[in-house]
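Descriptive structure summary
Residue-level listing of the chains:
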Amino acid sequence: MRDGVTLYADVYRPDTSDPVPVLLQRTPYDKAQSRTGSLDVMRAASHGYAVVIQDTRGRYTSEGEFYPFLDEPDDGYDTVQWCADQPWSTGKTGMFGRSYVGATQWLCAITNPPALTTISPGITASDYYEGWTYQGGALAWGFALSWTMRQLTMANLGAISSRHDVPEGARAGLLEAFNQLDCTMRQQPIVELPHLKAPLADYFYDWIRHSSSDEYWKRWRIEDHYPHITTPALHVGGWHDIFLLGTLRNFVDATARAGQRLIVGPWHHGPFAEMSGDYFFGLGASGPAIDTDGVQLRWFDYWLKGEQNGAEADPPVRIFVMGDNRWRDEQEWPLTRTRFTDYYLHSGGRANTAAGDGVLSTDAAGEESPDVFLYDPRDPVPTRGGPLCCGPSFVPGGAYDQQELEGRSDVLCYTTPTLTTDVEVTGPVTLTLHAATSAADTDFTAKLVDVDPCGSARNLTDGIIRARYRSGTDASRPVTPGVAHEYNIDLVATSNVFKAGHRIRLEISSSNFPRFDRNFNTGADPWASTDSVPAVQTIHHNGQFPSRLRLPVIPA
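Residues numbered from 1 in each chain as written. Predicted model: local features only at pLDDT ≥ 70, side-chain atom pairs only at ≥ 80, totals over all residues. Heavy atoms only, no water.

**Here we look at the pairing of strand E17 (residues 412-415)**
Taking every second residue as pointing to the same face, both faces of E17 are buried, with Leu412 and Tyr414 on one and Cys413 and Thr415 on the other. Two strands pair when backbone bridges link them, and E17 and strand E22 (residues 503-509) are joined in this way by 4 bridges, in the antiparallel orientation. Within E22, the position partnered with Thr415 by the bridge is Arg505. (Buried < 20%, exposed > 50% of the residue type's maximum accessible area, 1.4 Å probe, protein only. Helix = DSSP H or I, 4+ residues; strand = E, 2+ residues; numbered from the N terminus. Pairing = 2+ DSSP bridges.)

**With respect to the sheet that holds strand E5 (residues 116-122)**
Taken in spatial order, the 9 strands line up as E1-E3-E2-E4-E5-E8-E9-E12-E13 in an open sheet, and their pairing is mixed. Single-partner strands in this sheet number two, and they are strand E1 (9-12) and strand E13 (326-330). Looking at each pair of strands side by side, their axes are set apart by 20° on average, direction ignored. Where strand E2 (residues 20-27) meets strand E4 (residues 89-98), 4 bridges bridge the pair, whose relative direction is parallel. Counted as the bridge partner of Val22 is Thr93 from E4. (Axes fitted to C-alpha atoms, helices over the stretch in contact; angles between N-to-C directions.)

**Re the state of the cysteines**
Within this structure, the stated rule accounts for 1 disulfide. Covalent S-S linkage joins Cys389 and Cys390, the inter-sulfur distance amounting to 2.0 Å. This pair shows no difference in class: Cys389 is buried, exactly as Cys390 is. Between Cys83, a free cysteine, and Cys108, which holds the nearest cysteine sulfur, the sulfur-to-sulfur gap is 9.6 Å. We classify Cys83 as buried; its relative accessible area is 0%. (Disulfide = S-S within 2.5 Å.)

**Quick look at the side chain of Thr415**
If you trace the backbone, Thr415 turns up in strand E17. The class for Thr415 is buried, based on a relative accessible area of 8%. Among the polar contacts made by the side chain of Thr415, one reaches the side chain of Arg505 at a distance of 2.7 Å. With sequence-adjacent residues up to four places away left out, Thr415 is seen in contact with Gly358, Val359, Leu360, Arg503, Ile504 and Arg505. (Polar contact = N/O pair within 3.5 Å; in protein donor to acceptor, adjacent residues only side chain to side chain. Contact = heavy atoms within 4.5 Å.)

**Quick word on the packing of helix H4 (residues 141-153) against helix H6 (residues 170-179)**
Relative orientation and spacing of two packed helices are given, respectively, by the angle between their axes and the distance between those axes. For the pair H4 and H6, interaxial distance at closest approach is 11 Å and the crossing angle is 130°. By the angle class used here, H4 and H6 are oblique. Crossing of H4 over H6 shows left-handed handedness. From H4, Ser146, Met149, Arg150 and Thr153 reach across to H6, where they touch Leu174, Ala177 and Phe178. For the contact of H4 with H6, a count of residues per class yields 4 nonpolar, 2 polar and 1 charged. (Parallel < 35°, antiparallel > 145°, perpendicular 65-115°, else oblique. Left-handed = near helix turned anticlockwise from the far one by under 90°. Nonpolar A, V, L, I, M, F, W, Y, C, P; charged D, E, K, R; others polar.)

Worth remembering: the numbers are spatial, not functional.
Written out as structure tokens, the structure reads:
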């Protein structure tokens, strides 16, 4: 690298003396374990590519100190140019990989290395604050903690220990804390969690302390570089993936440039399988079923080898439509034929639980009694599936039945009458909520659910807003207890056909733990809170305060 640090890579080459294009993967997850996954290395080499898999800075065999995101732009640039300069290279390089390995691609692409011809980022973000570490101002606690403890720290402990004096007992303490992750996640205050202190993962505490989208995060925001990125990209995401927001934003904001394609399956963060959570989407739903390796190689053949294989004429969008459980090609995202439709919240003031009187309909709200529930941070609504990552033994992601949660009095349920015809919802989903709280600060959560005739309630997508960030995550803005404020909650997106006989349901609460950290309602920074107080939450839905869910309905 330009600062003299050496990063190590494994190189897989086809049996030819002719120069070939290069496919590069820069990974923090051990180059020796990365021969399969997002792209089979042997298949790619047999297909005529030199494949370079590199341990990123400070990871496994590579020198230097690992600090997430920090060195990836320069290290990516230098590595791409190194690949182009090799005698076995044609000078054209593509990059591939998922999750953080997608981040190494985007952070390289913002530097525009001349040899970087195309990228293929999967299930990754566009902003490492919003949609990675935070969402709506709330910390993605389950992901941040489990990912840092296991994949970033325990997995790399040998390399860390070889370069630093790791305190005696730190290894055993970290292992015990992860084995008891349910308990560890309830640490309060979370900033005093002892198990990741320097030299293990001190950056973790920087993430926690920078709870607003301040200058700390802006240096890595891919979205700020869209006008300057020239690289064609094959974007791959999942409807239940934790980084879906970024995948969609990266595609939408890149479509002004030539060479963009989007594929979204029913997947959560992990293998592209036919199962997501406990729901089976059919054998055709898996990555192997649509040959994601072959799709990538065809893409690379066009951009790196110049093969006129028709890849440029492929439909720019391919989505898996849940409910119908089939793949469908589209020409854009969001779909131009979308009819954004407001579904208003209604009740007689007793929407608590699925057995309550909450109704969701396209009729505007009249004079109705508000709904009230008590949010107690000591007894948060537990996470049940959804967009999660990196601790499947404790917080598995994907689609799960929500009925158990819908029996809680702190979960409001608003449900349509039984549908007489199929209703397809494909696109971005948002909720405008008019709510008051008795607390100095609090959270509001929302979840879109498909209820089948037997009552099973399958989660589709969810969102959260921290009250102090209702007007933007750049700065904290206090709320006035007892006063109704407007909250706009981004539920990201989905593609699902609510079949005839099913019902559409919206769940509202104030916690989804440990997917998100608990708001302790005190007004103090949640990461520093040692105390908590219950909050009385009031959800208004009437002519003055028309709380409503906006769904992207696709005409039949």
